[in-house]
Structure formats: structure tokens, C-alpha cells
Amino acid sequence: MREAKKKMPTLYAKSRKNPVKTPNKKENTKLDFIRQIVAEDLRTNKWGGRVVTRFPPEPNGYLHIGHAKSICLNFGIAAENKGGVCHLRFDDTNPTKEEGEYVEAIKEDVRWLGWDWDDQADQGKALDRIPPAFGRLDRIKPAFGGLYYASDYFEQMYEYAVQLIKKGKAYVCDLTADQIREYRGTLTEPGKDSPYRSRPVEENLELFERMRAGEFPNGSRTLRAKIDMTHPNLNMRDPVMYRILHATHHRTGDKWCIYPMYDWAHGLEDSIERITHSICTLEFENHRPLYDWFLDQLDIFHPQQIEFARLNLTYTVMSKRKLLQLVQGARASGWDDPRMPTICGLRRRGYSPQAIREFCRRIGVNKFNSTVDIALLEYCLREDLNKTSPRAMAVLRPLKVVIDNYPQGRVEELEAVNNPEEPVAGTRNVPFSRELYIERDDFMEEPPKKFYRLSPGREVRLRYAYFVTCKDVIKDENGEVVELHCTYDPATRGGDAPDGRKVKSTLHWVSAAHSLKAEVRLYDHLFSKENPDDVQEDGDFKTNLNPYSLEILSSCRVEPSLGHAKPLSRYQFERLGYFCVDPDSSGGKLVFNRTVSLRDPWAKIQKAQKK
């Protein structure tokens, strides 16, 4: 089925009072503020003509749609500029929360979105993965950087810390975590110096070395920067650089028992890799003075940090902590639950990487926080799947139809179009027989006005087949319709009447004898509120979970061509929506996930905006 062409929607940032419009074609030629900075740096030769970005996930969970925005931004900027590269770097500085499982999952997600790195990529295949959303394939260069880990720099970070101690810019502190918070002060009150702040340099060097040697228990000592306990920016009030943590690291094992804090490691990693443009989300803006202080004190390569607004999406939580609660609390079947906003969940649901990249392109990059309506993501998804998904017929809630005047035992192979958007996709044959299944919703015994589908005495078209007319209705002892008896017009084969008569409805169907049984999982938003965090004081976001986010239909019927469909293959079930083969499918059991319906809520949104 060909979807009707729809007007491109506006990007609807929720505050509904201030919808943000998607730029028109002329506006799309303008660069966002980050790309403007990069372009100006190239013009002035600030970095010697280099553009080096990085995507630095912490391997403590699975990536989600918000990370996709950062991936497309960092890899995209590198790809758009001659010689540009983007590093994939794991910020693995907290061994208690990080696992090798997350590392491998992140690699898979980045590759699936279309990006790669030199030491793993096949150059030819990787070129094919360059996202068309960022330009024609023959006009942009691959953004291959390397694969890096913060843990590779632990020794260098330690040496940098020793340098600061020797300069009198860092000290070992014996205050507990609670005491450090107490001494830190507040936004309105200055902090006070630790009693250990004036320790001699030699004593600090000895204690720090003993910390590394494992002589002290967890939490007993920290290494802190010596900056200013009265600084208006709380991040500058002698922040912790190292903590003692006797834990096994997923890469370094038990080699280390002191681990760098994120704020200490962040700028050093970028400096070591000679990143030119360190692109972060807005919550790191207040941390930038601290990163600058560390780099300036060490007098080492100083990248430029640029902050942008992170992605917020309606009916969605982006916090990895909250997503972990859903998984651990069995509110989701796993990180790849198709209702989750994780990239692996979206992939399992049937999202395409092209749709996600196009969504990230359309929402753009800005400096202010806003919430994007999930309908825009679904719009991008429909636009892509409509062009790329082969069509098939499936009946989710079957109602049997017997064509009384069709010859017993006869089976016809009718030609069906695979994809009207892609003529080279060709056609397939679907079997037609005397007994069929149609959707239960496509019949009403007493139809209201404007119901043009099948009803007693009414003629409709069966897709690719014939005109049929309902003649009789069979009900069970409870009065429920269980079977329809119809007649067909043999002259209407292919769906048109020689005498020119018209029908107002076309129904999809499958042959009862040839169709395959399937399970179909119908997914809806995981949360019932646009803002899942909209709860009463001390409330729990999980109270806004949608109890109807999953409906499982176990008696569906699909055309036989789907019998060999491979996991994650995407289809448009005609008149129903887009569906994806779930990995739970096996030789004897087909399972499909509904990716998105054919209905487009953007029309209603645009109408409301105009009002």
C-alpha cells in the first residue's frame, strides 16, 4: 500500500505555546552554531586545519536515542570536513558500574547507525554506511577515527596528578564523602578549607603513592585539587580527583585501586587524543572552568569545549539510571525491549538507522533545552519505511470468509506489488482460494454512516483479487459473528470492474489454507504521560507507565511469502502499519513487532498549531 504524501511536519518543541518550526530548504543551508564554530576555526587555521571530534560514552548501560543525536553530531561533523575524524572513546573510569557487555553493545549500536573506526572497519563497507542525511556519498569523507579507552590513560593521568601535587595544586584529604559535602558550602555560602589542605608536598606524594599501592580502605582518602573553597562555582571548590576503590576493572583487572573522577579524566582524555572540538551537553557547561583549570595548570594541549542541548522526547525517559530501574524491576523485558528508547530496543522494534539519522538532522542543534514530540520521530520513520519496506498482507484479528460461488479446490496465484515506491522491487504471487480471512474490524453487521467496508449486501474490493458481496452472516451461540458467506464477480479479477462500477473500500486478506499463523506484538508508548516525570512531590516516575503499552495477538495470519522472513526484516502490512520480524521468531513460530502504525498524528498537531 502506498502511503499518501503528507506535508512535512514542523518540529514541535513542547512547550506547546512555542512551537519551533523546522527550517525550510533555504534555512537548511545554514550551519548550526557548532558547525559555524568549526567552519570559522578552519578558516583561521586555528587547529592547523584539523577537525577531531569524539563520542565518549560511559560503558555503564545501553545507548538510547539521545546518544544517537550526539553520535550523528560528532561523527557527522568529522565526516563533513576534509580529513576530519571522530574517535569512539569509552570513559571507563568507574569499575563498579561498567561491564564488557555494555562496551560490545555500544560498538554494535554505533556501527548500526552507520559509523565505524579504522582498526575494525572494512573501508569499502564503511563507505556504504555513511549516512545520506549528511550529504551525498560521493561528496563526504568517512569519519574514521580510532577506538580508545580512558583506562589506557590511567598511568598518564596518575603522572599528571603527581605533577599537580609537586606544584602545590593538589593534596591528599582524609575527610569522608559526607564531610567533603559539608565543607563544600552552598550556592549562597562559601565553603571552608579542609584541615588537610596544608599538608606538605612530600607528605602528599607519599600518601598518594600509598593510595595507589592499596594500603588504605575504600573511601578513607581522596586526592583533591587545591583551587578556591570560596569560588562562586561549586565545581571549583577543591574537587576530588581520585578516590580509593578496590574493584576489578573490566579491562585493567586489579591493577588499580584508585580511580580518576570524571571531571579530572574528561579534559585529560581529550587533550591526550588531541581532540579539537570537545562537544558536550549543556550540563557540562558549569564544569568547563574546572577542565580549563586542569589543562592550564598542566600546560598541555587544550581542546575547545562546546555545549549543546541534549535531546528530550515526549513519553520517554532518557536517564540510564531510570532505564536500569525499568529493566531490573521487570517493567521492561530487557534493554532491547521494543518499548525502550535504547538503540537496541528501537532496532528490535523495526526502526531503521536512516530514520534515526534523519530525525537527528531535522531536530538540529541548539543551546536551549526543549522537548521534541515523539510524533516527529515517527514521521521520519514512516517516511523511510514507506520507501524501503516490502509490502505484505496480514490479518491480525481474523474473520473467516467463504466465497460460495468460487470453485471448490481452486487456487489462483495473484500478482501483488512488492513496493509501489520502488518499481524495481517487482511483484510476488499470493494464493487466492475459496476460504479467506479478513480483519474482523472490516465487517459490521449494522454499519454507521461513513463505514464503507464490508456489511450485508455491500460490495467491496479484495486487494489484487476480486469484488465480493456479503450475502450471509454466521454467528455462534453467543451471537458473535464467526463466518461470512460472500459471492465474487469473476470479471473483476485484478480489482477493476469491466462495466466501470466503483466500490468505496478495498480490504486486505489472506488465504485460509495457505496463510501462516503468527504472533503479533502491538506496541504503544511506554508511558501514558508526555512527561513521565510529571508526578506529585516524592512521586515515582514508574506510576506513569502505560499499562496498555503491549498487546499480544497470538492468532494472526500472514501470507506465505513471510515464511522465510529473517529476524529484523521490515515490512509494511497493508492497511495496518509497519512491522518487523522479532528475534524470537523460529522455524515453527513467526513473531512480528509493530514498529509504527500508518496513521500520522502530525496532521492533528499541525491543525492544533494553526488554531
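Residues numbered from 1 in each chain as written. Predicted model: local features only at pLDDT ≥ 70, side-chain atom pairs only at ≥ 80, totals over all residues. Heavy atoms only, no water.

Student: Explanation requested: the overall build of the chain in the structure shown.
Tutor: Along its length, the chain carries 15 helices and 25 strands. Taken across its 611 residues, the chain has 54% of its residues classed as buried. Of the contacts made within the chain by residues no fewer than 6 positions apart, 71% connect residues no fewer than 24 positions apart. Accessible area of the chain: about 28300 Å², with a carbon and sulfur share of 47%. (Helix = DSSP H or I, 4+ residues; strand = E, 2+ residues; numbered from the N terminus. Buried < 20%, exposed > 50% of the residue type's maximum accessible area, 1.4 Å probe, protein only. Contact = heavy atoms within 4.5 Å. Areas by Shrake-Rupley, 256 points an atom, 1.4 Å probe, with all protein chains shown as cover.)

Student: Could you clarify how one ought to interpret the sheet that holds strand 18 (residues 481-489) in this entry?
Tutor: Where strands meet in a sheet, backbone hydrogen bonds hold them as pairs that are either parallel or antiparallel. Ordered in space as 19-16-17-18-12-15-20, the seven strands form an open sheet in which the pairing is mixed. The sheet is open, and its two borders are formed by strand 19 (506-507) and strand 20 (510-511), each paired with just one other strand. Pairing geometry for strand 16 (residues 459-462) and strand 17 (residues 467-475), over three bridges, is antiparallel. The partner of glutamate 459 across the bridge, within strand 17, is threonine 469. (Pairing = 2+ DSSP bridges.)

Student: What am I meant to see in the sheet that holds strand 24 (residues 577-581) here?
Tutor: Read across the sheet, seven strands follow the order 10-23-24-25-21-22-11 without closing on themselves; strand pairing throughout is mixed. In this open sheet, the two strands that pair with only one neighbour each are strand 10 (391-392) and strand 11 (394-395). Note: strand 23 (residues 570-573) against strand 24, four bridges, orientation antiparallel. Following the sheet pairing, phenylalanine 573 is matched in strand 24 by glycine 577.

Student: Just checking my understanding: could you explain unusual backbone geometry for this structure?
Tutor: Only a minority of non-glycine residues have a phi that is not negative, and only a minority of peptide bonds are not trans. Here aspartate 299, not a glycine, exhibits a phi torsion of approximately 55°, which is positive. Take aspartate 299: it is sitting in the loop between helix 10 (288-298) and strand 9 (304-308). On the basis of relative accessibility, which here comes to 69%, the residue aspartate 299 falls in the exposed class. With a phi angle near 65°, aspartate 538 is a residue other than glycine that sits in the positive phi range. For aspartate 538, the position within the fold is in the loop between strand 21 (516-523) and strand 22 (550-558). By relative accessible area, which is 79% here, aspartate 538 ends up exposed.

Student: Honestly, helix 10 in this entry has me stumped. Any pointers?
Tutor: Within an α-helix, residues lying three or four positions from one another point in the same direction, as the helix has 3.6 residues per turn. Looking at helix 10, one finds that the buried residues are Leu290, Tyr291, Trp293, Phe294, Leu295, Gln297 and Leu298. Against the buried residues of helix 10 lie helix 6 (154-166), strand 5 (222-225), strand 6 (240-244), helix 9 (262-272) and strand 9. Following helix 10 by one or two positions, aspartate 299 has its phi on the positive side, about 55°.

Student: Looking at this model, I keep getting lost on the packing of aromatic side chains. Mind explaining?
Tutor: Two aromatic rings are characterised by how far apart their centres lie and by the angle between their planes. Scanning the entire structure with this criterion turns up 22 aromatic pairs. Taking 5.2 Å as the distance between ring centres and 25° as the angle between the ring planes, the aromatic pair formed by tyrosine 62 and tryptophan 335 counts as stacked. Of the two residues, tyrosine 62 is situated in the loop between strand 1 (52-55) and helix 3 (65-80) and tryptophan 335 in the loop between helix 11 (320-328) and helix 12 (343-349); the sequence distance between them amounts to 273 residues. No difference in accessibility class separates tyrosine 62 from tryptophan 335, as the two residues are buried. Members of the aromatic cluster, each reached through a chain of ring pairs, are Phe154, Tyr158, Phe208, Tyr242, Trp256 and Tyr259. Stacked on the ring of tyrosine 183, the Lys or Arg lysine 192 has its end atom at 4.6 Å from the ring centre. Looking at lysine 322, its charged tip hangs above the ring of phenylalanine 541, at a distance of 5.2 Å from the centre. (Phe/Tyr/Trp six-rings, centres within 6.5 Å; stacked < 30°, edge-to-face > 60°. Lys NZ or Arg CZ within 6 Å of the ring centre and 35° of its normal.)

Student: Teacher, can you tell me more about helix 14 (residues 374-388) here?
Tutor: The end-to-end C-alpha distance of helix 14 is 21 Å, a good match for the 21 Å that 15 residues give at a rise of 1.5 Å each. Of all the 15 residues making up helix 14, twelve are buried; the element is thus mostly covered by neighbouring parts of the structure. Of all the residues in helix 14, the buried ones are Ile374, Ala375, Leu376, Leu377, Glu378, Tyr379, Cys380, Leu381, Arg382, Asp384, Leu385 and Asn386. For helix 14, the N-terminal cap is aspartate 373; the gap from its side-chain oxygen to the backbone nitrogen of alanine 375 is 2.8 Å. (Expected span 1.5 Å × (residues − 1). Polar contact = N/O pair within 3.5 Å; in protein donor to acceptor, adjacent residues only side chain to side chain.)

Student: For this particular structure, what's the right way to read the pairing of strand 15 (residues 435-439)?
Tutor: Along a regular strand, successive side chains alternate from one face of the sheet to the other. Among the five residues of strand 15, four are classified as buried, and the element is accordingly described as predominantly covered. As judged from the five bridges shared by strand 12 (residues 398-403) and strand 15, these two strands associate in the antiparallel manner. Along strand 15, the bridge assignment pairs valine 401 with leucine 436. In terms of strand pairing, strand 15 meets strand 20 through two bridges, oriented antiparallel. Across the sheet, residue leucine 436 finds its bridge partner in strand 20, namely serine 511.

Student: What is the right way to look at the pairing of strand 1 in this model?
Tutor: Going residue by residue along strand 1, you find Val52 and Arg54 tucked away on one face and Thr53 and Phe55 tucked away on the opposite face as well. Summarising the sheet, strand 1 and strand 2 (residues 85-90) pair through four bridges and their orientation is parallel. Residue pairing across strands places threonine 53 opposite cysteine 86, the latter belonging to strand 2. Once you follow strand 1 into helix 3 and on to strand 2, the crossover reads as right-handed. (Right-handed = clockwise from strand over helix to strand, strands pointing away.)

Student: Can you walk me through the side chain of arginine 428 in this structure?
Tutor: With respect to the helices and strands, the residue arginine 428 is situated in strand 14 (residues 427-432). Taking relative accessible area as the criterion, arginine 428 reaches 10% and is therefore assigned buried. From its side chain, arginine 428 meets the backbone oxygen of arginine 391 in a polar contact 3.4 Å long. Each residue touching arginine 428, except ones within four places of it in the same chain, is listed here: Arg391, Ala392, Met393, Leu414, Glu415, Ala416, Val417, Asn418, Glu559, Ser561 and Glu574.

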